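# Architecture at a glance
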Amino acid sequence: MIAFAALPVMTIAVLSFPVAAAVALAALCGAVAGAALHRRHPSAVDRTFRLPDDDGTVREA
């Protein structure tokens with residue numbers, strides 16, 4: 001009876017595994033690519049986005 005009750009949970013877990021694996025792989029690839037880009041162009045984010053200063057205020061560019 002416990003196995004019958006766990007059947008819907010196991011079905012969802014088995015069917016969602018490919019999606020979870022794809023999300024994890026995409027996150028890993030994005031982290032590696034981001035680290036490689038940051039290593040080659042360390043100031044790219046500063047040129048693209050106006051980041052707030054340490055004093056907590058955001059100024060217009």
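A few points on the structure. Owing to the predicted nature of the structure, the values given are computational and were not obtained by experimental measurement. (Residues numbered from 1 in each chain as written. Predicted model: local features only at pLDDT ≥ 70, side-chain atom pairs only at ≥ 80, totals over all residues. Heavy atoms only, no water.)

### Side note on the overall build of the protein
Each helix and strand counted, the protein has 2 helices and 0 strands in total. Counting every position in the protein, which comprises 61 residues, the buried fraction comes to 0%. Roughly 5800 Å² of accessible area belongs to the protein as shown, and the carbon and sulfur atoms make up 72% of that amount. (Helix = DSSP H or I, 4+ residues; strand = E, 2+ residues; numbered from the N terminus. Buried < 20%, exposed > 50% of the residue type's maximum accessible area, 1.4 Å probe, protein only. Areas by Shrake-Rupley, 256 points an atom, 1.4 Å probe, with all protein chains shown as cover.)

### Things to note about a nonpolar patch on the surface
Among the surface-exposed residues, Leu25, Leu28 and Val32 lie close enough to one another that they form a single nonpolar patch of about 300 Å² accessible area. For Val32, the location among the structural elements is in helix α1 (residues 2-40). (Patch = residues over 30% accessible without salt bridge, like charges linked within 9 Å, V, L, I, M, F, W, Y side chains within 5 Å. Salt bridge = Lys/Arg side-chain N within 4 Å of Asp/Glu carboxyl O.)

Purely geometric numbers; function is a separate question.
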